[in-house]
Every structure is written in C-alpha cells, then in structure tokens.
Amino acid sequence: RYYASSTHFQGPGSPIFLIMGGESAIEPSVGLYYPFVVHYLARDFGAYVLQPEHRFYGESQPLGSDFEFSPENMNITTTLMTTEQAMWDAVRLVRFIQTELGCELDKTRNPKEYCPVITVGGSYPGFLSAMMRVRHPDVVDMAYSASAPMKFYSQNINQTDYYDHITRVADKAYAGCSDAVRRNLVYSLGNMVREVKTIDAFQEMLSMLGICKNTVPAYIQGRGDDIEMMRTIFNQELNMVVAYTFANYNMAFYPPGNTTSLYQACSLFLNQDLEPYQRLYHFLVGVEKSKSYTNFIDQQQCFNMTSQLPFGKNATISSGDWSGVGSQRNGQMWDFQTCNLLVEQIGFGKKSMFPERPWTMEWLQEHCQLRFGVTPDPYKLVHEWEFDDLERVGATRILFTNGLNDGWSVGGIKHNISETLLVLNFDNGAHHSDLSAIGPSDRDTVDIRNGFVQITSILKGWLDSLSQRRHPTQPIQSSLTSTT
C-alpha cells in the first residue's frame, strides 16, 4: 500500500519526496505524513510526494494477513521482514513512479527530465531515509532524517542513556517530577506488591490500582501457586508500562509547556491530595482512556493490562524494545524487528526515575527465541553497511535533525560530519518535531521556525547542485521566513 500526491508536481525534471513508512500501519484516515513536506516543501520545490507502507504492516502483507510470525516460520520471517527488503520495496516503487511520471531514469542521458529523489523520515523511518541514501545512491539523491536513532543501531550507546535523558526532561517539564515518580514506583508500589501474600490480596491490590478485572496477562499470573514469582513479574511489567508511557509523553513534549501530556503526568504524581496508589490509578486510567489526565480524577474507569500486549504467541509487555513496541499487529512486527536486526540497548539505571532494571542480551535472546525462534544479531547491519562512519563510506547529502528534549536524541548524530553530512539540533524540539502532524504554525518555537527555513535552504542548495537535472525556468523560492 502506498499514498501519493501530485498536487504540486511540475512535471519531469521536478523532485520526488519519498516519505519512508515505518513501524506502523498507515491507514487512509492518516494518509501522507508530515505537513511540512506535503504542504510546504512540495509546494516550494514543485515536487511529487510518495509514501509506501512498510512491509508486514497494515495492508502491506507479502505473505497474506494470516501468515504467522512463529518459531516454525523463522527461516521465512528473517529473510523477508528486514530493513533491507523494506528499502528495496521503496526503490522499486519510486522507480515505477518515476516511469509513470515520465521522468528520465538515467541521470546522464537527459538530465533536465530527471526527477531527483529526496527521502524523508522520522525515528526508524529517519534511519531508513539515511540508509536509502547510503545503500542506494544511484536512486536517492539526498536524505532528510529526523530523530534517526543511528547510534542505537550501531550499538554505540550506553543502555541507561535513554531513560536517564527522559528523567532529566521530566524534571525540566515539571520540577520534582522524577523524585515523585521514583517514590511512587520504588516505595509505594514496591511496598504494595511485597505485602501481597495470597491470590485474594493480589486481586485487592489490582482493584486499588484500577486494573480491570481478569485483564492481567496469563504469563504474569502463571498457575497462581507461586505468589512471589507472580508479584515480581507483575511489578516489572507495571513499571514497564509506566516507563514507556513516559517515553511516549517525552516524544510528544512539543512545544514544551503545561498543556503537554508529560507535564500533566508529572503534575499527577506530584498531586499531594492523592494517596500514592491513587496517583498510579489515575495514571493508568489515563493510559487506557485518552493519553491525557484532564478531568480524569473524577471519572471511574479501569486499566486493561492485556491491552498493552502485541499480537502473537508468548507476547509480553516487556518486549524487544524497552521504550515500548506498541500493541496488536504493529507491536508484534516491531517486537520482531527489534528481536532480529534492530537491537536497541535500553535499560533502567540508578539515575532514572524508574526502578533499576538492567537490559541484558541474555534476556533478549530468551524472549526472542521463545517468541519468534530468532537470535538477535545486533552488529549485522552496522558491519555490512558501516553507517557508524558515514564519511568513510562516502555518504553525502544527508541532513540529520534532532529535538534535544527527545530521549532518542542520545543516539542521534548531533554534529556535522562533513560539508554535506549536516546536522540541525533544536533545543525546544522533541521527537521529530520538525516533521510534526501540524506543520509550520504559530505554535512553533523560534528554533523550530528557523529550522524550517534552514531545512528548506539546505535541500534547495543540494537541488541547485543538481541544477543541470532541473528546469532552469523553475527557480525554488521558499514560502517560509526566518524568525529571530
């Protein structure tokens, strides 16, 4: 499945923005991502916009929707569900579209009719965007990669960095947030769990925490005869829900302020009118209901713990990606990808606001074998593609952007590498805030507003360097202005 827009396309010789699909289905209600690209850059550059859905997500099912990602099918899944295969899908699609649009495919034969390809993506698609330029430079002319977790996938990151940074940003959002969360999880919840000695006491605790009846996953409860094991796994998994929910709120912390979910979550944990268990209750209800805590204090709801599980056999809340894999089919596919080649070392250290829990390769291997029959291979991609040293492999014309409030920024490329491997960092930005669902607007902070202008200028300069492949009568003029 793919989406496309020719609204601003000026014909052969004009560029094509190739927006990389990532770890989720792209439903028709969502359509084309990134208003900054679709409504501004495409208009300024007279460009076509193309966006493929990543294989095995949504309707893009090479083997049909009934195919099982089970240990028995490991030889098939590890061959077909890879980043490389997803990139080849994009290559084939953009070549097909270039032909349909009447674009010249040979850059040297008729350069004025050649349509330069600019890949775009945020987060994992940001990594895809950069890799498309590295791996397919004959097809992709330049890349715009926002919040790309490059150093996570090159394994050049400390496992505690991610949640340590989320902790710092939480305190930046609301002073004292991290201490309040830590006290609630380590002491209040920890003590509640330790006091559970019977199944009846366990059920009473669930009720106090607002967890819906009969929704604790079966793997947590086991056979019900090992109370200590049950409460240990329950405590770990509930802490994981709280942690990755804060991670989601961190990614959305833009523009910074008291209307964000991160601020509201922090204010809840600092609410002195509530008992500690009540704070967790209302936090979990917010996760279940609407990702927001506005007016939730007076509502009677409950948290369906099973709703956090991805599809598939042996699914667990703690999965391949400890920032959260998501639920249902999308969660299953991302769990598989982070079990196979996209290994992310994310754990909880002493400085984070969440209970200490080290990430280990042994844990991941056991999880991935039981779930999919795969053995994680964290170094395969970086050894084959050498993206840990982009200059050495001859990469050019890649623009990286980072929101410095974003937890993923700890694994981003944050300094210029060469004259054509450039970086823009935004102090007020969160997770690919420059590619937000709104696009340039009055709500944007000054650094992001200036970033829109800089991004446009950089891409324009690179297109100008390919000017012999463009119509000389179609100058590019930005519709955006800088703000000081």
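Residues numbered from 1 in each chain as written. Predicted model: local features only at pLDDT ≥ 70, side-chain atom pairs only at ≥ 80, totals over all residues. Heavy atoms only, no water.

1. Overview of the overall build of the protein
For step 1, the next point in the chain: Scanning the protein from terminus to terminus reveals 16 helices and seven strands.
For step 2, the next point in the chain: Relative to the globule expectation of 23 Å for 484 residues, the C-alpha radius of gyration of the protein, 23 Å, shows essentially globular dimensions.
For step 3, the next point in the chain: With respect to the principal axes defined by its C-alpha atoms, the protein has extents near 75 × 55 × 40 Å.
For step 4, the next point in the chain: Accessible surface, the protein: about 19,900 Å² in total, of which carbon and sulfur atoms supply 47%.
For step 5, the next point in the chain: The positive charge centre, built from 38 side chains, and the negative charge centre, built from 51, are 3 Å apart in the protein. (Helix = DSSP H or I, 4+ residues; strand = E, 2+ residues; numbered from the N terminus. Rg over C-alpha atoms; globule rule 2.2 N^0.38 Å. Areas by Shrake-Rupley, 256 points an atom, 1.4 Å probe, with all protein chains shown as cover. Lys, Arg positive; Asp, Glu negative; His and termini not counted. Charge placed at Lys NZ, Arg CZ, Asp CG, Glu CD.)

2. Focus on the sheet that holds strand β6 (residues 398–403)
For step 1, the next point in the chain: Reading across the sheet, the seven strands line up as β1-β3-β2-β4-β5-β6-β7 and stay open at both edges, with mixed pairing between neighbours. Taken across any chain shown, the strands that pair with only one partner, and hence form the sheet edges, are β1 (2–5) and β7 (421–426). Mean inter-strand twist for the sheet, computed between neighbouring axes without regard to direction, equals 15 degrees.
For step 2, the next point in the chain: Two strands pair when backbone bridges link them, and strand β5 (residues 142–146) and β6 are joined in this way by four bridges, in the parallel orientation. Residue pairing in the sheet places Y144 in a bridge with L399 of β6.
For step 3, the next point in the chain: Taken strand by strand, helix α1 (residues 35–45) contacts β2 (16–19), β3 (48–52), β4 (117–122) and β5, and its axis lies near 160 degrees from that of β2. (Pairing = 2+ DSSP bridges. Axes fitted to C-alpha atoms, helices over the stretch in contact; angles between N-to-C directions. Contact = heavy atoms within 4.5 Å.)

3. Thoughts on the packing of helix α7 (residues 177–194) against helix α10 (residues 227–251)
For step 1, the next point in the chain: Between α7 and α10, whose axes approach to 10 Å, the crossing angle comes to 160 degrees. Comparing the axis directions of α7 and α10 gives the class roughly antiparallel. Here α7 runs over α10; the crossing is right-handed. Side by side, α7 and α10 meet where C177, V181, L185, L189, V193 and R194 of the first sit next to R231, F234, N235, L238, N239, V242 and F246 of the second.
For step 2, the next point in the chain: Taken together, the residues that form the contact of α7 with α10 break down as nine nonpolar, two polar and two charged. (Parallel < 35°, antiparallel > 145°, perpendicular 65-115°, else oblique. Left-handed = near helix turned anticlockwise from the far one by under 90°. Nonpolar A, V, L, I, M, F, W, Y, C, P; charged D, E, K, R; others polar.)

4. What about the packing of aromatic side chains?
For step 1, the next point in the chain: Counted by the stated rule, this structure contains 26 aromatic pairs.
For step 2, the next point in the chain: Ring geometry for Y163 versus F354: centroids 5.4 Å apart, planes at 80 degrees, classification edge-to-face. Remark: F354 occurs in the loop between α13 (328–340) and α14 (361–372) and Y163 occurs in helix α6 (residues 161–173); sequence separation between them is 191 residues. The pair Y163 / F354 is uniform in exposure class, with both members buried. (Phe/Tyr/Trp six-rings, centres within 6.5 Å; stacked < 30°, edge-to-face > 60°. Buried < 20%, exposed > 50% of the residue type's maximum accessible area, 1.4 Å probe, protein only.)

5. So, the nonpolar core
For step 1, the next point in the chain: If you look at the biggest cluster of nonpolar residues, it comprises 149 residues, and the most contacted ones within it are F234 and F246.
For step 2, the next point in the chain: Excluding anything up to four places from it in sequence, F246 contacts I166, C177, V181, L262, A265, C266, F269, F283, M353 and F354. (Core = buried A, V, L, I, M, F, W, Y, C linked by side-chain atoms within 4.5 Å.)

6. Some points on the layout of surface pockets
For step 1, the next point in the chain: Its boundaries defined by the atoms lining it, the largest pocket holds a volume of some 1,400 Å³.
For step 2, the next point in the chain: If you go around the largest pocket, you meet 45 residues; those closest to its centre are E23, N248, M251, H431 and H432.
For step 3, the next point in the chain: It is α10 that provides the largest number of residues to the lining of the largest pocket, a total of five residues.
For step 4, the next point in the chain: Residue classes in the lining of the largest pocket are distributed as 22 nonpolar, 17 polar and six charged. (1 Å grid on protein atoms, 1.4 Å probe; cavity = no way out; pocket = protein on both sides within 12 Å on 5 of 7 lines; lining within 4 Å. Points joined across faces, edges and corners; volume = space filled by probe spheres on them.)

7. Observations regarding empty space enclosed by the protein
For step 1, the next point in the chain: This structure, assessed with the given rule, holds three cavities of 30 Å³ or more.
For step 2, the next point in the chain: What the largest cavity holds in volume is close to 70 Å³.
For step 3, the next point in the chain: Forming the boundary of the largest cavity are M20, G21, P52, E53, H54, R55, A86, D89, A90 and L128.
For step 4, the next point in the chain: No other element matches helix α3 (residues 83–100), which puts three residues into the lining of the largest cavity.
For step 5, the next point in the chain: Looking at side-chain class alone, the lining of the largest cavity contains five nonpolar, two polar and three charged residues.
For step 6, the next point in the chain: The computed volume of the second largest cavity comes to approximately 40 Å³.
For step 7, the next point in the chain: Per-class residue counts for the lining of the second largest cavity are three nonpolar, four polar and no charged.

8. Focus: the pairing of β3
For step 1, the next point in the chain: By the criterion of burial, β3 is predominantly enclosed, with five of the five residues buried.
For step 2, the next point in the chain: Here β3 shows two buried faces, one formed by Y48, L50 and P52 and the other by V49 and Q51.
For step 3, the next point in the chain: Strand direction decides the pairing type here: β1 and β3, joined by four bridges, are antiparallel. Residue pairing for β3: Y3 is matched across the bridge by Q51.
For step 4, the next point in the chain: Across three bridges, β2 lies against β3 in parallel orientation. Note on β3: the bridge partner recorded for F17 is V49.
For step 5, the next point in the chain: Once you follow β2 into α1 and on to β3, the crossover reads as right-handed. (Right-handed = clockwise from strand over helix to strand, strands pointing away.)

9. Details of the side chain of E344
For step 1, the next point in the chain: For E344, the position within the fold is in the loop between α13 and α14.
For step 2, the next point in the chain: Here the side chain of E344 touches Y153 through a polar contact of 2.8 Å, side chain to side chain.
For step 3, the next point in the chain: The contact partners of E344, leaving out residues within four places of it in the chain, are F152, Y153, G320, D321, W334, T338, W359 and W408. (Polar contact = N/O pair within 3.5 Å; in protein donor to acceptor, adjacent residues only side chain to side chain.)

10. A look at the pairing of β5
For step 1, the next point in the chain: Of all five residues in β5, five are buried; the element is thus mostly enclosed.
For step 2, the next point in the chain: Residues M142, Y144 and A146 point to one face of β5 and A143 and S145 to the other, with burial holding for every one of them.
For step 3, the next point in the chain: Alignment of β4 against β5, held across five bridges, turns out to be parallel. In the sheet register, V120 faces β5, and the bridge partner there is Y144.
For step 4, the next point in the chain: A crossover connection joins β4 to the parallel β5 through helix α4 (residues 124–135); in handedness this β-α-β unit is right-handed.

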